[in-house]
Amino acid sequence: MTYDIRTCEPTDVEHFAAIEKAAGALFVEAGLPEIASHEPTDKEFIDASARAGAVFVATADGTPAGFILSAPLDRSMHIYELSVHPLHGRKGLGRKLVDAVCEHARDSSYPAVTLSTFRDLPWNGPFYVSCGFRELARHEWTPALFLAHYHEQDMGLPVERRCFMRKDL
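The structure reproduced in this document is the subject of the present report.

## Focus: the side chain of lysine 167
Position of lysine 167 relative to the elements: it lies in strand β7 (residues 162-168). In this structure, lysine 167 is buried with no salt-bridge partner, the nearest side chain bearing the opposite charge being aspartate 99 at 4.8 Å. Within the structure, lysine 167 has its side chain in polar contact with the backbone oxygen of cysteine 131 (distance 2.9 Å). With near-sequence residues (within four places) excluded, lysine 167 lies in contact with Cys102, Pro111, Ala112, Val113, Cys131, Gly132 and Phe133.

## A closer look at unusual backbone geometry
Residue aspartate 74 is not a glycine yet carries a positive backbone phi of 55 degrees. Relative to the helices and strands, aspartate 74 resides in the loop between β3 (63-73) and β4 (76-84). With a relative accessible area of 38%, aspartate 74 lands in the partly exposed category.

## Regarding the pairing of β4
Extensive coverage of β4 is indicated by the burial of 7 of its 9 residues. Connecting β3 to the next strand, β4, in antiparallel fashion are 2 residues, including aspartate 74 with a positive phi near 55 degrees. Where β4 lies against strand β5 (residues 112-118), 3 bridges are found, and the strand directions are parallel. Looking at the pairing, methionine 77 lines up with valine 113 of β5. In this region the chain leaves β4, passes through helix α4 (residues 93-107) and returns to the parallel neighbour β5; the handedness of that crossover is right-handed.

What counts as what
Residues numbered from 1 in each chain as written. Predicted model: local features only at pLDDT ≥ 70, side-chain atom pairs only at ≥ 80, totals over all residues. Heavy atoms only, no water. Helix = DSSP H or I, 4+ residues; strand = E, 2+ residues; numbered from the N terminus. Buried < 20%, exposed > 50% of the residue type's maximum accessible area, 1.4 Å probe, protein only. Lys, Arg positive; Asp, Glu negative; His and termini not counted. Salt bridge = Lys/Arg side-chain N within 4 Å of Asp/Glu carboxyl O. Polar contact = N/O pair within 3.5 Å; in protein donor to acceptor, adjacent residues only side chain to side chain. Contact = heavy atoms within 4.5 Å. Pairing = 2+ DSSP bridges. Right-handed = clockwise from strand over helix to strand, strands pointing away.

Below you can see the structure in the form of structure tokens.
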């Protein structure tokens, strides 16, 4: 199978919900079924991310197998979502998607890439640490990160298990 990372095309978006749902199954196994059962990312948000930032797709023989959504937040590029279909997991696609966002951010003169994730799940916090991210202490949060935290809390996410991370470019 041939894998490639590229900028998202409009026809790729129709595959995102299935990728997101399949990737969500990992959260069921981790005891977080509420994550797996949420509605797929809204197409309007995906379109807005593509206009404002960058959406990249990992393809397997030309068919989307994973994606990453990013857009500016507080003078940094922020990763809003990374999903790889489990059938294509553990092949380095997630890392390549993160690298694509970091390269785009660097080329666009952003000083850093940020994100919010579960600190304790292996494919979340530890994965991002292996990509060069570090956890931000609460005193390092920006106003927008506080708002994102409150939003995650309102959504019912277990915020005590979540963290913000940053990679300086």
